[in-house]
Amino acid sequence: MSENQVKTIGVLTSGGDAPGMNAAVRSVVRTALAHGLKVKGIRRGYTGLLEEDIIDMSSRTVADTIQHGGTILFTARCPEFMTEEGQAKGAEICRKHGIDGMVVIGGDGSFRGARALANRGINAIGVPGTIDLDIACTDYTIGFDTAVNTAMEAIDKVRDTSTSHERCSIIEVMGRTAGHIALWCGIATGAEDVLTVERYDYNEQEIINHIIEKRKSGKTHHIIINAEGIGDSHGMAKRIEAATGVSTRATIIGHIQRGGSPTCKDRVYASAMGCKAVEVLCEGKTNRIIAYKYGKFIDLDLEEALAMKKDLDPFLYEMQKKLAVM
Ligand code: ADP
Ligand code: F6P
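Reading guide: rules and limits
- Residues numbered from 1 in each chain as written.
- Chains lettered and ligands numbered in written order.
- Predicted model: local features only at pLDDT ≥ 70, side-chain atom pairs only at ≥ 80, totals over all residues.
- Heavy atoms only, no water.
- Helix = DSSP H or I, 4+ residues; strand = E, 2+ residues; numbered from the N terminus.
- Buried < 20%, exposed > 50% of the residue type's maximum accessible area, 1.4 Å probe, protein only.
- Contact = heavy atoms within 4.5 Å.
- Areas by Shrake-Rupley, 256 points an atom, 1.4 Å probe, with all protein chains shown as cover.
- Lys, Arg positive; Asp, Glu negative; His and termini not counted.
- Charge placed at Lys NZ, Arg CZ, Asp CG, Glu CD.
- Pairing = 2+ DSSP bridges.
- Axes fitted to C-alpha atoms, helices over the stretch in contact; angles between N-to-C directions.
- Salt bridge = Lys/Arg side-chain N within 4 Å of Asp/Glu carboxyl O.
- Phe/Tyr/Trp six-rings, centres within 6.5 Å; stacked < 30°, edge-to-face > 60°.
- Lys NZ or Arg CZ within 6 Å of the ring centre and 35° of its normal.

For the protein, the count of helices and strands is 11 helices and 11 strands. For the C-alpha atoms alone, the extent of the protein along its principal axes is close to 70 × 35 × 35 Å. In the protein, which comprises 326 residues, the proportion classed as buried is 55%. Restricting the contact set of the protein to residue pairs at least 6 apart, pairs at least 24 apart contribute 74%. As displayed, the protein offers around 14,200 Å² of accessible surface, 52% of which is attributable to carbon and sulfur atoms. Averaging the positions of the 39 positive and the 42 negative side-chain charges in the protein gives two centres separated by 3 Å.

Right under this line is the structure:
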């Protein structure tokens, strides 16, 4: 055993939950046990850490969980952990419970918390868990696949009724600061317009012209996928109906996208990331994030990862527009 070898791993889920988090937790627990380590589950993210809501994890505590959405460890947002005092207290509590390695499953905010622990001597590894796909260093985040499939199915259903009534439908998907869900759903459902925080210029007249043009060419429905960050779907529906004379309805899919049984991809990739996180801890590393890049699960420096920026995939974005023109 190397000097940096951890003996007890803590695992927590933090920020917005995502389908597949349970698969990641299960994999962390079982990989750690396979390496002869102890595992402690910290419930309710950093809030639970500061309140010492810490439980022993065994192979049985994660049985029958891989197929379930949500997170068995619960999740929370914890403003206190953004303070120096909160972070110092968190590291102290880890030491008190013998936790010398921590796996944090969450988004960029949660990783900043992991970095704070790493800077205070607790070996910490981030695992990207968010339906938004908005973590720059990785092409995959836990939950995105399930979320877009859930949204896609809902949009297909709205499309049926939209076509029957020859309507325009505005369907709002999640993504306050990132439009990946909107773009992927737009492509997958053959939407006419996709509005994202990254690209939309609030030129509603352009959308109105698009609807009128499509009607003239014989299209019987018009689907607009609107990202949560743009919002105002109901207001938009009223204005579009008034300007085009086309009956228009808004549907906000909401938190349905965050729940439900994870897809095969989310179960497998989340398991791989949880396993990799423990292996990286066993190598004595700290301040790392697990990423999926060019078909491989890798670990990257957390600091460098946090400094990276992510945009919508430019090829997918342009393609969506081309396919929607015809
Ligand atoms: P996500 O992890 O999905 O990005 P949040 O941004 O809400 O979600 O962050 C989740 C939690 O991570 C926060 O409630 C807070 O406890 C912790 N956190 C966020 N930013 C920081 C930070 N700069 N330093 C320490 N902890 C942070
Ligand atoms: O980050 C995941 C996400 O679902 C975003 O798409 C959304 O903007 C946000 O969380 C909503 O968070 P909540 O409703 O839990 O505050």
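It is worth spelling out the environment of Lys238 at this point. Tracing the chain through its elements places Lys238 in helix H8 (residues 233-244). Each C-alpha atom of the pair Lys238 and Val25 lies 45 Å from the other, and the pair is 213 residues apart in sequence.

Attention shifts here to the sheet that holds strand S3 (residues 54-56). Overall, mixed pairing links the 7 strands, which are arranged S3-S2-S1-S4-S5-S10-S11 in an open sheet. Strands with a single pairing partner mark the edges of an open sheet, and in this sheet they are S3 and strand S11 (296-301). Between one strand axis and the next, the sheet turns by 25° as a mean value, whatever way the strands run. Sheet topology places strand S5 (residues 123-128) next to strand S10 (residues 288-293); 2 bridges connect them, and they run parallel. What sits directly across from Ile125, in S10, is Arg288. On top of the sheet, helix H1 (residues 21-34) reaches strand S1 (8-13), strand S2 (38-42) and strand S4 (101-106); it is set at about 180° to S1, its chief contact. Across the sheet, helix H4 (residues 108-118) lies against S4, S5 and S10, angled at about 170° from S4, the strand it touches most.

Attention now moves to the pattern of salt bridges. Counting across every chain of the model gives 20 salt bridges. Among the ionic pairs, Asp139 bridges to Lys293, the shortest N-O distance being 2.9 Å. One end of the pair, Asp139, is in the loop between S5 and helix H5 (144-164); the other, Lys293, is in strand S10, with 154 residues separating them in the sequence. Classification of Asp139 as partly exposed rests on a relative accessible area of 43%. For Glu283, the salt bridge identified is with Lys285, shortest N-O distance 3.3 Å. On the basis of relative accessibility, which here comes to 28%, the residue Lys285 falls in the partly exposed class. When salt bridges that share partners are traced, they join Arg43, Arg44, Glu51 and Asp53 into one network.

With 6 of its 6 residues buried, strand S6 (residues 168-173) lies for the most part within the structure. Side chains Cys168, Ile170 and Glu172 of S6 all project onto a buried face; the interleaved residues Ser169, Ile171 and Val173 project onto the opposite face, where all are buried too. Direction of pairing for S6 relative to strand S8 (residues 222-227): parallel, over a ladder of 6 bridges. Bridge assignment links Ser169 to a residue of S8, and that residue is Ile223. Sheet analysis places S6 next to strand S9 (residues 248-252), joined by 5 bridges and oriented parallel. By the bridge assignment for S9, Ser169 is matched with Arg249.

On to unusual backbone geometry, then. One non-glycine residue, Leu133, lies in the positive phi region at around 60°. Following the sequence through the fold, Leu133 ends up in the loop between S5 and H5. Of the residues examined, Leu133 reaches a relative accessible area of 7% and is grouped as buried. The phi dihedral of Asn287 falls on the positive side, at around 60°, and the residue is not glycine. Relative to the assigned elements, Asn287 resides in the loop between helix H9 (264-282) and S10. Among the residues examined, Asn287 registers a relative accessible area of 15% and is labelled buried.

Glancing now at the packing of aromatic side chains. Under the counting rule described, the total for this entry stands at 7 aromatic pairs. Both rings, one in Tyr140 and one in Tyr269, keep their centres 4.8 Å apart while their planes meet at 65°; by these two values the pair is edge-to-face. With Tyr140 in the loop between S5 and H5 and Tyr269 in helix H9, the pair connects residues that are 129 residues apart, well separated along the chain. One exposure class covers both Tyr140 and Tyr269, and it is buried. In textbook terms, an aromatic cluster arises when at least three aromatic residues are bridged by ring pairs, as seen for Tyr140, Tyr269, Tyr292 and Phe297. The positively charged end of Arg199 is found above the aromatic ring belonging to Tyr317, 4.8 Å away from the centroid. Its guanidinium or amino end placed over the ring of Tyr294, Lys293 lies 5.7 Å from that ring's centre, counting from NZ or CZ.

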